[in-house]
Amino acid sequence: MKSELEKISEDYIVNYSYIRNKIAHGQWDEALNSINDDINIVSSQDMSFVDVLKIDFTFENHHLFSGILKNISESNVPEDLIIKKNSSYLILKQKLVDLINLRQS
């Protein structure tokens, strides 16, 4: 479970959060490097591909991922991760995987 969540986080949460932070700090057209003295070409290119669908996808990813983490943190015993119907780890993870697969197709 830990390795699955780390992989999902690395691929679909952290990278998108980096772009989100650039936009949130007003770097709409050109992203700056960490010390703000030059343009970060790679980040600027990544941001040029951001659209409404990608933003919606990112919000839904974060929502499902936070639901998974909440479920894990509130589970008193391992069985709680599976037996809770709508918020179980398995159901939320499958929704997240389905969303990722849908976006990639």
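Attention in this report is confined to the structure presented alongside it. (Residues numbered from 1 in each chain as written. Predicted model: local features only at pLDDT ≥ 70, side-chain atom pairs only at ≥ 80, totals over all residues. Heavy atoms only, no water.)

## A few points about the environment of Asp-29
Stage number 1. By secondary structure assignment, the location of Asp-29 is in the loop between α1 (2-24) and α2 (41-48).
Stage number 2. Discounting residues that sit within four places of it in the chain, Asp-29 has contacts with Ser-44 and Met-47. (Helix = DSSP H or I, 4+ residues; strand = E, 2+ residues; numbered from the N terminus. Contact = heavy atoms within 4.5 Å.)

## With respect to the packing of α1 against α2
Stage number 1. Where α1 contacts α2, the two axes come as close as 10 Å, and the packing angle between them is 90°. Taken together, the axes of α1 and α2 lie roughly perpendicular to each other. Facing α1, whose interface residues are Tyr-18, Ile-19, Lys-22 and Ile-23, α2 presents Ser-43, Asp-46 and Met-47. (Axes fitted to C-alpha atoms, helices over the stretch in contact; angles between N-to-C directions. Parallel < 35°, antiparallel > 145°, perpendicular 65-115°, else oblique.)

## Digging into the nonpolar core
Stage number 1. Among the nonpolar cores identified, the biggest contains 14 residues, and Phe-57, Phe-65, Ile-68, Leu-96 and Ile-100 are the most heavily contacted of them.
Stage number 2. Looking at this core, the elements with two or more residues in it are α1, α3 (52-74) and α5 (89-104).
Stage number 3. Discounting chain neighbours no more than four positions away, the residues touching Leu-96 are Ile-8, Asn-61, Leu-64, Phe-65 and Ile-68. (Core = buried A, V, L, I, M, F, W, Y, C linked by side-chain atoms within 4.5 Å. Buried < 20%, exposed > 50% of the residue type's maximum accessible area, 1.4 Å probe, protein only.)

## Topic: the packing of α1 against α3
Stage number 1. Axis separation between α1 and α3 bottoms out at 10 Å; the angle between their running directions is 140°. In terms of their interaxial angle, α1 and α3 are classed as oblique. Of the two elements, α1 crosses α3, and the hand of that crossing is left-handed. Residue-level contacts link Leu-5, Ile-8, Ser-9, Tyr-12, Ile-13, Tyr-16 and Ser-17 of α1 to Lys-54, Phe-57, Thr-58, Asn-61, His-62, Phe-65, Ile-68, Leu-69 and Ile-72 of α3. (Left-handed = near helix turned anticlockwise from the far one by under 90°.)

## Brief notes about the packing of aromatic side chains
Stage number 1. Per the counting criterion, the structure on display carries 1 aromatic pair.
Stage number 2. Ring centres of Tyr-12 and Phe-57 lie 6.4 Å apart, and the angle between their planes is 85°; on these two criteria the pair is classed as edge-to-face. In this pair, Tyr-12 sits in helix α1 while Phe-57 sits in helix α3, placing the two residues 45 residues apart along the sequence. In this structure, Tyr-12 and Phe-57 share a single accessibility class: buried. (Phe/Tyr/Trp six-rings, centres within 6.5 Å; stacked < 30°, edge-to-face > 60°.)

## Examining α1
Given 3.6 residues per turn, any residue in an α-helix points the same way as the ones three and four places further on.
Stage number 1. Ser-9 marks where α1 bends most, by close to 40°.
Stage number 2. Among all positions of α1, only Leu-5, Ile-8, Ser-9, Tyr-12, Ile-13, Tyr-16, Ile-19 and Lys-22 are buried.
Stage number 3. The secondary structure elements touched by the buried residues of α1 are α2, α3 and α5.
Stage number 4. Of the residues one or two after α1, Gly-26 is the one with positive phi, at around 80°. (Bend = angle between axes of the 7 residues up to and from the residue.)

## Let's talk about the side chain of Asn-61
Stage number 1. Residue placement: Asn-61 occurs in helix α3.
Stage number 2. Excluding anything up to four places from it in sequence, Asn-61 contacts Tyr-12, Ile-13, Leu-96, Leu-99 and Ile-100.

## Description of unusual backbone geometry
Leaving glycine aside, a negative phi is the common case for residues, and trans is the common case for peptide bonds.
Stage number 1. Despite not being glycine, Asn-36 has its phi angle at roughly 60°, a positive value.
Stage number 2. Relative to the helices and strands, Asn-36 resides in the loop between α1 and α2.
Stage number 3. By relative accessible area, Asn-36 is classed as partly exposed at 48%.

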